[in-house]
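Read off the chains here:
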Amino acid sequence: VESVKPKPMISAWLWLFLIAMIFANIGGNMYGPLMPLYLTELKASVAQVGWFFTISQIIPLLLQILGGWISDSIGRLRAIAIGSTVGVFVFIPLVLANTWQWLLLAEALGAITRALVGPSFDAFVAEHSTEQNRARVFGVTQAVFMIVSVVGPVLGGWLVDAYGFKVMLILAGLFYFVATIIRIGMAREAAKGHEANPQTLSLVSLKANLGTVFGMVMAGGVLTWILLTDGVRDTSFALSMNLFPLYMQDIGGLTYFQIGLTSSIFGLTMMITTIPAGWLADKKGERVGIALGFILISISLVELVY
């Protein structure tokens, strides 16, 4: 009897998708952890850095639901390709900025990109997994994807120390451009197959989508609690992590490279723990992993203060 070869947990199509995500987010992680320092180099005060990140968090709130609706309507890979094309233009104000206010334009364009790519990324991974192995697939893909948080910050910090912000941003833009080419190619291929018949974008479908989301949020179920807990977590991160590079430079006396290296060590730790976290969710349920994660975050913030 001829044995049936088991299907790999990560398909070749999903691997190509991950490679494009890695190229794109290496570029993003080269400058993302150093953005507060770039703002101060462009003469922003600490208070203005805070305002910058407050505004940059408001913009995605207006776009995330729209991004998910577009992804559901026209297809995951089409939405990602459009978002990536917009993302290429993010690097123009980043490189050419001579005042920190110009970076708000980059953040606005970046918010459009994240709104289209973010929901589509998770949905694409979910569609390429089964109910039995979904958490493990997410764990493996997130671990592979987190290579970017290990490579990007330390590479960006070294380039800034050696050549300055402008050279680093140009190289980051090249990484993102390569990712965009791959994503457009995948979208063109998908348009010949499972994404061949996209839905028409209309105000009627948008209204129905918003009504469904609003109902799920206000129902008081799991989604409501996830949004509340994520809101608390994101607020705590916004109060600390966005200003943490300034803390490391002003209080710790670290160089750009050392700050990037610190961010890379953080990313490596996240990468190592993601696969066991997926296994834990499959075995014990998602609630256990979420609760344990919040406990560890609380402990880390207390240790940072003391």
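For the structure, check the block above.
Each residue is numbered by its place in its chain's sequence as written, counting from 1. Residues qualify for local features only when their pLDDT is at least 70, as the model is predicted, and side-chain atom pairs are given and counted only at 80 or more; totals for whole chains, interfaces and linings, by contrast, use all residues. Hydrogens and water are ignored here; the side-chain numbers use all heavy atoms of the structure.

Chemist: What's the story with the packing of helix α8 (residues 147–163) against helix α9 (residues 165–190) in this structure? I'm lost.
Modeler: Each pair of packed helices can be summarised by the angle the axes make with each other and by the distance between the axes. Relative orientation of the contacting elements α8 and α9 amounts to 140 degrees, with a least axis distance of 7 Å. Regarding the angle of α8 to α9, the classification is oblique. Residues L155, G156, L159, V160 and Y163 of α8 pack against F165, V167, M168, L171 and F175 of α9. Across the contact of α8 with α9, the residue classes tally to nine nonpolar, one polar and no charged. Every axis corresponds to a line fitted to the C-alpha atoms, with the helix fit spanning only the stretch in contact, and the corresponding angles, defined between N-to-C directions, vary from 0 to 180 degrees. To qualify as a helix, a DSSP run of H or I must reach at least 4 residues; to qualify as a strand, a run of E must reach at least 2; elements of each kind are numbered from the N terminus. What sets the label is the angle itself: under 35 degrees gives roughly parallel, over 145 gives roughly antiparallel, 65 to 115 gives roughly perpendicular, and the rest give oblique. Any pair of residues with heavy atoms lying within 4.5 Å of one another is described as a contacting pair. Residues were grouped as follows: Ala, Val, Leu, Ile, Met, Phe, Trp, Tyr, Cys and Pro as nonpolar; Asp, Glu, Lys and Arg as charged; and all remaining residues, including Gly, as polar.

Chemist: Even after reading the chapter, I still don't get helix α1 (residues 12–31), so can you show me in this structure?
Modeler: Given 3.6 residues to a turn, an α-helix orients residues that are three or four positions apart in the same direction. Here α1 is 20 residues long and its end C-alpha atoms lie 30 Å apart, about the 28 Å a rise of 1.5 Å per residue gives. Partly exposed describes any residue whose relative accessible area lies between the buried limit of under 20% and the exposed limit of over 50%, with all areas from a 1.4 Å probe on protein chains only and scaled to the type maximum. Along α1, the positions that sit buried rather than exposed are L14, F17, L18, A20, M21, I22, A24, I26, G27, N29, M30 and Y31. The length a helix should cover is 1.5 Å for every residue beyond the first.

Chemist: Explain the side chain of S84 to me, please; I cannot follow it from the model alone.
Modeler: Its place among the elements puts S84 in helix α4 (residues 76–88). You can call S84 buried: its relative accessible area is 0%. Each polar contact in these results corresponds to two N or O atoms within 3.5 Å; when the atoms are within protein, one needs to be able to donate a hydrogen and the other to accept it, and residues that are neighboring in sequence are counted only if both atoms are side-chain atoms. Among the polar contacts made by the side chain of S84, one reaches the side chain of R183 at a distance of 2.5 Å. With residues up to four places along the chain from it excluded, the contact list for S84 reads V117, Y176, T180 and R183.

Chemist: Sorry, what's going on with the pattern of salt bridges here?
Modeler: Think of it this way: side chains of opposite charge can pair up when their charged atoms draw near. Salt bridge, as used here: a side-chain nitrogen of Lys or Arg that lies within 4 Å of a carboxyl oxygen of Asp or Glu. Summed over all chains, the structure comprises two salt bridges. A salt bridge links R76 to E127; the nearest nitrogen and oxygen atoms lie 2.8 Å apart. On the criterion of sequence distance, the pair formed by R76 in helix α4 and E127 in helix α6 (residues 102–127) is long-range, its members being 51 residues apart. Judged by relative accessible area, R76 falls into the buried class, the value being 14%. Taking the shortest distance from any N to any O, the salt bridge between E107 and R114 comes out at 3.5 Å. Classification of R114 by relative accessible area gives partly exposed; the value is 39%.

Chemist: I'm lost on the packing of aromatic side chains in this one. Help?
Modeler: Aromatic rings from Phe, Tyr and Trp, with only the six-membered ring used for Trp, were paired whenever their centres fell within 6.5 Å, and each pair was classed as stacked if the ring planes differed by under 30 degrees, edge-to-face if by over 60, and tilted otherwise. Under the criterion given, the structure shown has ten aromatic pairs. For the ring pair W158 and Y163, a centre distance of 6.0 Å and an interplane angle of 85 degrees mean the geometry is edge-to-face. For the ring pair F244 and Y247, a centre distance of 5.8 Å and an interplane angle of 15 degrees mean the geometry is stacked. One end of the pair is F244 and the other is Y247, both in helix α12 (residues 244–250) and three residues apart, which spans about a single turn. What makes Y247 partly exposed here is its relative accessible area of 42%. By the ring-pair criterion, three or more aromatic residues cluster together here, those being F17, F121 and F124.

Chemist: Sorry if this is basic, but what is going on with the packing of α6 against helix α7 (residues 134–145) here?
Modeler: At their nearest, the axes of α6 and α7 sit 9 Å apart, and the two run at 130 degrees to each other. When the axis of α6 is compared with that of α7, the two are oblique. Between α6 and α7 the crossing geometry is right-handed. For the pair α6 and α7, the contacting residues are F121, D122, V125 and A126 in the first and R134, V137, F138, T141 and Q142 in the second. By the definition used in this description, the sense in which the near helix is turned from the far one sets the handedness, with an anticlockwise turn below a right angle giving left-handed and a clockwise turn giving right-handed.

By themselves, these figures tell us nothing about what the structure is for.
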